[in-house]
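The residues making up each chain are set out below.
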Amino acid sequence: MADDRDALIKQLQADLETKKATKARREEEDAKDALIKKLQADLETKKATKARQEEEERRRQAARIRELEEANRAAYRAAYREEAKDDRIRELEERLRTESRTDIASGIRGVVRQSTSVDLVAMMDCTASMESWIAEAARALCFIIGDVKEKFPALAYRAAFVGYRDYNDGVMRVERLSIAPFTSDIASVQAHIKRQGAITGDAPDEPEDVAGAMSAALGLDWSSMTRLVIHVGDAPPHGVAYHNYGASCDNFPHGHPDDTKIETLAASFREHGIQYGFIKINNSTDKFLGVLREHYEGAGMPFKLNVVELGGDYTAFQPNVSRMLKDSVTSTFKRMSRSDKASMKALPLAVGGKLIGGLGAIAEEDEEEEMRNLEVEKKPPNWDRLGDRVERAVRHTYHFRGGDKALSVLEWEEVNGSFSSSKSDTTVRISKHPFDKGGMRYASYLKDMDLDLKRVAKLPLEVLEGGRLEAYAKADMCTQAVCKLLAKKFNMQTLEKGINRMVSFIDVAVYEFPDRPDAERWMTVEPYIEGEYKKFSNNSGWASNEAGAELAASFSHWTHHETGGFLIAVDIQGVGNVYTDPQIHSKRGAMFGEGDLGRKGVEHFFATHTCNEVCRKLGLVHPDPEAAARMEAAMRAALDDTAIGEEELIEVLAMDGTPGSDMQICCELCGCIFVVTDRDKYMSFRRQGKDLSCNTCRDNCRRDKTQVACSECGKRFPVNLHFYRMKGMDQPKKCRDCKAKRGGRTRD
Ligand SMILES: [Zn+2]
Ligand SMILES: [Zn+2]
Ligand SMILES: [Zn+2]
Ligand SMILES: [Zn+2]
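The structure displayed is predicted, hence computed values, not measured ones.

(A) Examining the overall build of the protein more closely. The number of helices and strands found in the protein is 19 helices and 27 strands. Here the protein, with 748 residues, has 52% of them falling under the buried criterion. Within the protein, contacts between residues at least 6 apart in sequence are counted, and of these 70% link residues at least 24 apart. With the model as given, the accessible surface of the protein reaches about 35400 Å², and the carbon-plus-sulfur share is 50%.

Below, the structure is given as structure tokens:
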């Protein structure tokens, strides 16, 4: 009995001790929790304070910039009032140009450095299934990343590693992802890979965490122009959409909750400008590779999923990867020395200090661009029977408001405010299928029935949602209008300097189709140019031997000079010296549509531009005259060991063409192209702010004249009906005198 009581007491005491201990532990834990909470709160407060301070600093800087710009403008306006105003304006403009050139020169050095550097990520499945040859794969990867350094000593080169296993492998105390971040210390990455070879997890199902590895690779700090990932794996990602094992062999048949879809990841690799190579070991990855390929190889993008079939032959591994790398480096260089929009989009560019894909800068994070897939029918048009119906359309046109002298260097920033738009109803026929597909857009035949004009309607390859299609079309129209204005100024300078070469841009209007679905409600419409339509730069290679390529390059250079470094017009193509579809990069960025890459676009132009005869005659100064030569030297050095021939490099870089008779311009009214035979007449017209029209339009203008009674004074005055119809503008209601009295415009 006593024993029982003793035992009970002991038991109770023990319980009490346990409870005390538990209580003490709880209290301790609570105290810890409280401390953690307090620390977290402190951290949040500090973060918030820091963010606020940064925001204030940003605001201060922005205000300072505005102040400086305002001071510049004030000085400019003041200069106008002074006696010796011309000298003062010239001085201010020259100062701005010099500043801009200095600014660009430092950027160019970065472009050259970036374009001769390579980021390579080795991504490897490290699970048990790979056991039979994981050591071999690790050895091969180590060899490859070392080999790159040896083969391309002139390249700035960094490597990284992402090893992956699976979710359940964590039970085995093995890391699911094993990451070695980018470093130029290649030996340390090799050591990391070798360590992985020795640890294999015991995966409980067939698929592995491929999605996690791809996300991790995308999250690395990419910074070079040439980016390459080499993926070695023998199993698909989770999700029955990516393999044929069936749900019973996949612990996450709809993907792991943390997974980003392979479709999205694939597009993201492309958008980040990363070349993707896959070393295939067996057929289990085929379905995955199909999805990867479909979403990685976007329309108009120079990306191909590179799959190497190993077939158990390890020796095939190394030469294949070397070839892949050479191809990537070459392709970067080729894209660098071309200026078309699709190429620029495919280049990874620095935006806001952080390097992201060109397209990534535009698209929302993780947003995938949906592409149209239209059947292209290349047959000559039957202009009077296009499509299967006549449909109504609204034609939007864009007009420069001031006289051509109104724009000076310091006011380019407000150029968009110098235009007004008008719209008019019309009816059209459009061919059922597009007749061509470019790097950016589909082109279809369009006949404007009311105006009796042959046109080409263009629709972007991407399906643009919401208001983006309208914005896209209008940005194109605005870009072309600004280029037209620049071209007129350019021509006066070339002609005055005795260079008998001109440039011209065809007119772009925006047509709205009220009866069509949103996805094709807005299109840009330009004159149909018969005959030789040449691209000075296109998606299949730089057409450097085309006559006139150097005139286009000089024009680009000149636009930068003329606008004091505010903008540059590039991506030039067309018929002879009559151009279309340009892109403007502005200092502000994103001002001229989604393709406006800001100062990066400017730096890229100058990094590969060599000044030619026209540049010299115009007195243009290159911000860094040695840039292109340095770039070429760097490329040659980098590719020393490769199979790329001399000719190919020369073709990539040569900008000279045979000078032709570049005296064609685009009719301001009907859009046809004609040759200016009377240089003096052209110049005298332009000095009066007048444009030349083609002979047909001249005759039509003479014929379609009418007398209208002024709504103000009743006096009859002549109205040129052809002019207003072609421009899409309303006829004037008041005579010139009454308009002038009202303080309105004196020039129609
Ligand atoms: Zn698994
Ligand atoms: Zn130049
Ligand atoms: Zn005409
Ligand atoms: Zn009047």
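There's plenty left to go through after this.
(B) Inspection of the coordination of the zinc ion (ligand 4) at higher detail. Bound to the zinc ion (ligand 4) are the protein donor atoms C710 (SG), C713 (SG), C735 (SG) and C738 (SG), situated 2.2 to 2.4 Å from the metal. Each of the four donor atoms around the zinc ion (ligand 4) contributes to a set of angles spanning 100 to 124 degrees, which defines the coordination as tetrahedral. Each donor residue of the zinc ion (ligand 4) lies on one chain, and together they are spaced C-x2-C-x21-C-x2-C. Linking C710 in the loop between β26 (705–709) and β27 (716–720) with C735 in the loop between α18 (721–727) and α19 (736–741), this pair joins segments that are 25 residues apart in sequence.

(C) Quick look at the nonpolar core. Within the largest apolar cluster, 33 residues are counted, with the highest numbers of intra-cluster contacts made by W412, V415, V482, F555, L567 and F592. The element contributing the most residues to this core is helix α10 (residues 468–496), with eight residues. If we skip the residues at most four places from it in the chain, F555 touches C483, L486, A487, F490, V503, F505, A569 and I572. A122, L141, A180 and M324 belong to the second largest nonpolar core, which has 32 residues in total.

(D) Helix α6 (residues 262–271), seen in detail. Judged by how many residues are buried, α6 sits mostly within the fold: 10 of 10 residues are covered. Of all the positions in α6, only I262, E263, T264, L265, A266, A267, S268, F269, R270 and E271 are classed as buried. G273 sits one or two residues past α6 and shows a positive phi near 70 degrees.

(E) Main features of helix α7 (residues 286–296). All buried positions along α7 are accounted for by F288, L289, V291, L292, H295 and Y296. Along the long axis of α7, the arc covered by the buried residues comes to 160 degrees, so they all point the same way. Buried residues along α7 sit against α5 (210–218), β4 (226–233), α6, β5 (274–280) and β6 (306–309).

(F) Up close: the coordination of the zinc ion (ligand 3). Taken together, C667 (SG), C670 (SG), C694 (SG) and C697 (SG) make up the protein donors of the zinc ion (ligand 3), found 2.2 to 2.4 Å from the metal. Every donor counted, the four donor atoms about the zinc ion (ligand 3) form angles of 106 to 113 degrees at the centre, which fits tetrahedral coordination. Along the chain, the residues that donate to the zinc ion (ligand 3) are spaced as C-x2-C-x23-C-x2-C. Of the two residues, C667 is situated in the loop between β24 (664–666) and β25 (673–675) and C697 in helix α17 (residues 695–703); the sequence distance between them amounts to 30 residues. Accessibility expressed as a relative area gives 2% for C697, which makes it buried.

(G) Representation of the sheet that holds β4 in the model. Spatially, the six strands line up as an open sheet ordered β3-β2-β1-β4-β5-β6, and their pairing is mixed. Where the open sheet ends on each side, the last strands, each with one partner, are β3 (177–183) and β6. When the angles between neighbouring strand axes are averaged without regard to direction, this sheet yields 15 degrees. Sheet topology note: the strand β2 (residues 156–164)/β3 ladder contains five bridges and is antiparallel. Bridge assignment links A159 to a residue of β3, and that residue is T183. Lying on the sheet, α5 is in contact with β1 (117–125), β2, β3, β4 and β5; it crosses β2 at an angle near 155 degrees.

(H) Molecular detail of the pairing of β5. Burial of β5 is extensive: seven of the seven residues sit out of reach of the surface. Alternating positions in β5 separate into two faces, I274, Y276, F278 and K280 on one and Q275, G277 and I279 on the other, with burial throughout. When β4 meets β5, the two strands line up parallel, connected through seven bridges. Residue pairing in the sheet places V229 in a bridge with Y276 of β5. Considered for its hand, the β-α-β crossover made up of β4, α6 and β5 is right-handed.

(I) Here's a closer look at the confidence of the model for the protein. On average, residues of the protein carry a pLDDT of 79, and 80% of them reach 70 or more. By mean pLDDT, the top-scoring element of the protein is strand β15 (residues 509–512) (96), and the lowest-scoring one is helix α15 (residues 646–653) (30). Low confidence marks residues 641–660, where pLDDT is under 50. Its contacts with residues over four positions away, or in another chain, come to 36 contacts. Contacts for the low-pLDDT stretch residues 744–748, under 50 throughout, to residues beyond four places or in other chains number 11 contacts.

(J) Region of interest: empty space enclosed by the protein. According to the stated counting rule, one finds seven cavities of 30 Å³ or more in the structure shown. There is about 130 Å³ of room inside the second largest cavity. In this structure, the second largest cavity is lined by 14 residues; those nearest its centre are K488, S504, I665, E668 and Y682. Elements with a contribution of two residues or more to the lining of the second largest cavity: α10, β14 (504–505), β24 and α16 (679–687). Here the lining of the second largest cavity gets four residues from one element, more than from any other, and that element is α10.

(K) Quick peek at the packing of α5 against α6. Closest axis-to-axis distance for the α5/α6 pair is 10 Å, and the angle between their directions is 25 degrees. In this view, α5 runs roughly parallel relative to α6, as classed from their interaxial angle. Judged by the sense of rotation from one axis to the other, the crossing of α5 with α6 is left-handed. For the pair α5 and α6, the contacting residues are A211, M214, S215, A217 and L218 in the first and I262, L265, S268 and F269 in the second. Classifying every residue of the contact of α5 with α6 by side-chain character gives seven nonpolar, two polar and no charged.

(L) Up close: the pattern of salt bridges. A full pass over the atoms with the stated rule returns 43 salt bridges. A salt bridge links E526 to K458, with the nearest nitrogen and oxygen atoms 3.3 Å apart. Residue E526 is found in strand β16 (residues 522–527), and its partner K458 is found in strand β13 (residues 453–460); the two are separated by 68 residues along the sequence. Taking the relative accessible area as the measure of exposure, E526 reaches 6% and is therefore buried. On the basis of relative accessibility, which here comes to 12%, the residue K458 falls in the buried class. In this structure, K484 engages E668 in a salt bridge whose closest nitrogen and oxygen atoms are separated by 3.6 Å. One end of the pair, K484, is in helix α10; the other, E668, is in the loop between β24 and β25, with 184 residues separating them in the sequence. Like E668, K484 is buried.

(M) Region of the structure containing the packing of aromatic side chains. Taken as a whole, this structure holds 19 aromatic pairs when the rule is applied. Here F278 and F288 contribute two aromatic rings whose centre-to-centre distance is 6.0 Å and whose plane-to-plane angle is 65 degrees, an arrangement assigned as edge-to-face. Highlighted residues: F278 in strand β5 and F288 in helix α7, separated in sequence by 10 residues. Residue F288 is classed as buried on the basis of its relative accessible area, which comes to 1%. Sitting above the plane of the F513 ring, R516 keeps its charged end 5.5 Å from the centroid.

What counts and what doesn't
Residues numbered from 1 in each chain as written. Chains lettered and ligands numbered in written order. Predicted model: local features only at pLDDT ≥ 70, side-chain atom pairs only at ≥ 80, totals over all residues. Heavy atoms only, no water. Helix = DSSP H or I, 4+ residues; strand = E, 2+ residues; numbered from the N terminus. Buried < 20%, exposed > 50% of the residue type's maximum accessible area, 1.4 Å probe, protein only. Contact = heavy atoms within 4.5 Å. Areas by Shrake-Rupley, 256 points an atom, 1.4 Å probe, with all protein chains shown as cover. Donors = N, O, S within 2.8 Å, 3.2 Å for Na, K, Ca; no water. Tetrahedral: all angles 85-135°; square planar, octahedral: opposite > 155°, others 65-115°. Core = buried A, V, L, I, M, F, W, Y, C linked by side-chain atoms within 4.5 Å. Arc of directions from axis to C-beta. Pairing = 2+ DSSP bridges. Axes fitted to C-alpha atoms, helices over the stretch in contact; angles between N-to-C directions. Right-handed = clockwise from strand over helix to strand, strands pointing away. pLDDT = per-residue confidence, 0-100. 1 Å grid on protein atoms, 1.4 Å probe; cavity = no way out; pocket = protein on both sides within 12 Å on 5 of 7 lines; lining within 4 Å. Points joined across faces, edges and corners; volume = space filled by probe spheres on them. Parallel < 35°, antiparallel > 145°, perpendicular 65-115°, else oblique. Left-handed = near helix turned anticlockwise from the far one by under 90°. Nonpolar A, V, L, I, M, F, W, Y, C, P; charged D, E, K, R; others polar. Salt bridge = Lys/Arg side-chain N within 4 Å of Asp/Glu carboxyl O. Phe/Tyr/Trp six-rings, centres within 6.5 Å; stacked < 30°, edge-to-face > 60°. Lys NZ or Arg CZ within 6 Å of the ring centre and 35° of its normal.

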